[in-house]
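One letter stands for each residue in the lines below.
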Amino acid sequence: MRRFALILALLGGPVAAQDWMPMSGEQIRDALTGRVLAYPDTSQDFRASGRTLYIFRGRESWGYWRIEDDRYCSQWPPNDMWACYTMDGKGDRLRFVGQGGDITEASYAD
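Residues numbered from 1 in each chain as written. Predicted model: local features only at pLDDT ≥ 70, side-chain atom pairs only at ≥ 80, totals over all residues. Heavy atoms only, no water.

Asker: Can you lay out the side chain of Q44 for me, pointing to particular residues and giving the numbers?
Answerer: Tracing the backbone shows Q44 in strand β3 (residues 42-46). Assessed through its relative accessible area of 4%, Q44 is described here as buried. Separated by 3.3 Å, the side chains of Q44 and Y72 make a polar contact. (Helix = DSSP H or I, 4+ residues; strand = E, 2+ residues; numbered from the N terminus. Buried < 20%, exposed > 50% of the residue type's maximum accessible area, 1.4 Å probe, protein only. Polar contact = N/O pair within 3.5 Å; in protein donor to acceptor, adjacent residues only side chain to side chain.)

If you want it as structure tokens, here you go:
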């Protein structure tokens, strides 16, 4: 029993289960497709077609999204550049981590 307790302590035990977990491309696709996320003052609808609708304080903005090398990527016209983020999950929360280390957290709105 002491060995089990030591292993749990070394691995982080139940606390580790509450940590953010990196997501694979397939996990990201499953987490976003057909879902709506809520951010402060904002929501985003991820369509299976690759379109995404971002609503900020009642104003709509249509863009595109895709999965590339285990990253979520988005593009917002008229800009033709794609921005990509790694993603982590924690229960019903998701976080997008930019290349510069910026983090945006969201939860499901649907």
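Continuing now.
Asker: How would you explain the pattern of salt bridges if you had to name every residue and give the values?
Answerer: In a structure, side chains of opposite charge can pair up when their charged atoms sit close to one another. Scanning the entire structure with this criterion turns up eight salt bridges. Across the pair D45 and R47 runs a salt bridge whose closest N-O atoms are separated by 2.9 Å. For D45, a relative accessible area of 19% puts it in the buried group. Two residues, E68 and R71, come together in a salt bridge whose shortest N-O distance is 3.3 Å. Through salt bridges with shared partners, a single ionic network connects R66, E68 and R71. (Salt bridge = Lys/Arg side-chain N within 4 Å of Asp/Glu carboxyl O.)

Asker: How would you explain the layout of surface pockets if you had to name every residue and give the values?
Answerer: There is about 250 Å³ of room inside the largest pocket. Every residue lining the largest pocket is listed: Y39, P40, T42, Q44, Y54, Y72, S74, W76, Y85, F96, D102 and T104. Every element with two or more residues in the lining of the largest pocket is listed here: β3 and β6 (71-75). Residue classes in the lining of the largest pocket are distributed as seven nonpolar, four polar and one charged. (1 Å grid on protein atoms, 1.4 Å probe; cavity = no way out; pocket = protein on both sides within 12 Å on 5 of 7 lines; lining within 4 Å. Points joined across faces, edges and corners; volume = space filled by probe spheres on them. Nonpolar A, V, L, I, M, F, W, Y, C, P; charged D, E, K, R; others polar.)

Asker: Which residues make up unusual backbone geometry, and what values go with them?
Answerer: Of note, the bond from P77 into P78 is cis; its omega dihedral lies within 30 degrees of zero at 10°. By the secondary structure assignment, P78 is in the loop between β6 and β7 (83-90).

Asker: Just give me the short version of the pairing of strand β2 (residues 35-39), but keep the residues and values in it.
Answerer: Sheet analysis places β2 next to β3, joined by five bridges and oriented antiparallel. Each residue of the ladder has a partner; that of R35, found in β3, is F46. Here β2 folds back onto β3, and the loop between the two strands holds two residues, one of which, D41, carries a positive phi near 65°. (Pairing = 2+ DSSP bridges.)

Asker: Requested: an account of the side chain of D45, with residues and values cited.
Answerer: Counting through the fold element by element, D45 comes out in strand β3. In terms of polar contacts, D45 uses its side chain to reach the side chain of R47, at 2.9 Å. Excluding anything up to four places from it in sequence, D45 contacts R35, V36, R51, T52 and L53. (Contact = heavy atoms within 4.5 Å.)

Asker: Quick rundown of the pairing of strand β4 (residues 51-56)? Include the residues and the values.
Answerer: One ladder, built from five bridges, connects β3 with β4; its direction is antiparallel. Counterpart to Q44 in the pairing with β4 is Y54. Linking two consecutive strands that pair antiparallel, namely β3 and β4, is a turn of four residues; a positive phi of about 100° is found at G50 within it. Note: β4 against strand β5 (residues 59-68), six bridges, orientation antiparallel. Bridge assignment links F56 to a residue of β5, and that residue is R59. In this structure, the hairpin formed by β4 and β5 is closed by a connection of two residues, where R57 is found at a positive phi of approximately 50°.

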